[in-house]
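Coordinate analysis (summary)
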Amino acid sequence: MENERRFPKTLIQAVKYFSDPDTALGCIVAIRWPDGVITCPRCESTEHSFVKTRRIWICKGCKKHFSVKIGTIMEDSPIGLDKWLCAIWLIVNAKNGISSYEIHRSLAITQKSAWFLLHRIRKAMQTGTFKKFSGDVEVDETFIGGLARNMHESKRKPLGTGGAGKVAVTGFA
């Protein structure tokens, strides 16, 4: 009951609430590990130590460092937790949806970053989790490169299979 009273009701309150790095970290930890047991995303070990100054954990099992972002939709993003949480707040509280331009204006980030946040958060809302590669994953492959008969005679290689002399490209979505 106390937590419901303190949770932000307006955008200004959300920005102030999530601007504290410890509060933002606590929110993401509660979402990521609801049972309260923090596990290493690499080896699933529960033995770790917390580095308070950097807000990361050091796994005692695999000796690797990990943050709350590792293994989530936020993993490869330089955007801070405060912006992520405010963007989530905006998207969840928008009755008729929200555009990347509105997120860009509200959070003072570039429109391209706002678009990135918006798509990742919407995907997380569809799958029901912040974990990366959860739910359905689509995979496709193709070969990129020109036909040997269209190349200059000096660059032509002996004809073989359809993929000869081409680069294999795989995509995941």
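Definitions and cut-offs
Residues numbered from 1 in each chain as written. Predicted model: local features only at pLDDT ≥ 70, side-chain atom pairs only at ≥ 80, totals over all residues. Heavy atoms only, no water. Salt bridge = Lys/Arg side-chain N within 4 Å of Asp/Glu carboxyl O. Helix = DSSP H or I, 4+ residues; strand = E, 2+ residues; numbered from the N terminus. Buried < 20%, exposed > 50% of the residue type's maximum accessible area, 1.4 Å probe, protein only. Arc of directions from axis to C-beta. Axes fitted to C-alpha atoms, helices over the stretch in contact; angles between N-to-C directions. Parallel < 35°, antiparallel > 145°, perpendicular 65-115°, else oblique. Left-handed = near helix turned anticlockwise from the far one by under 90°. Contact = heavy atoms within 4.5 Å. Nonpolar A, V, L, I, M, F, W, Y, C, P; charged D, E, K, R; others polar.

1. Digging into the pattern of salt bridges
For the structure on display, the rule yields one salt bridge. Residue R55 pairs with D22 through a salt bridge whose shortest N-O separation is 3.1 Å. Residue R55 is found in the loop between β1 (48-51) and β2 (56-59), and its partner D22 is found in helix α3 (residues 21-32); the two are separated by 33 residues along the sequence.

2. A look at helix α2 (residues 11-19)
Of the residues making up α2, those classed as buried are A14, Y17 and F18. Mapping the buried residues of α2 onto a view down its axis gives an arc of 85°, with all of them on the same face. When the buried face of α2 is taken as reference, the exposed residues oriented beyond 90 degrees from it are I12 and K16.

3. Examining the packing of α2 against helix α4 (residues 81-93)
Following both chains from N to C, one finds α2 and α4 inclined at 150°, their axes separated by 9 Å at the closest point. One element, α2, and the other, α4, form an angle in the roughly antiparallel class. As α2 runs across α4, the sense of the crossing is right-handed. Residues L11, A14, V15, F18 and S19 of α2 pack against D82, L85, C86, W89 and L90 of α4. Classifying every residue of the contact of α2 with α4 gives eight nonpolar, one polar and one charged.

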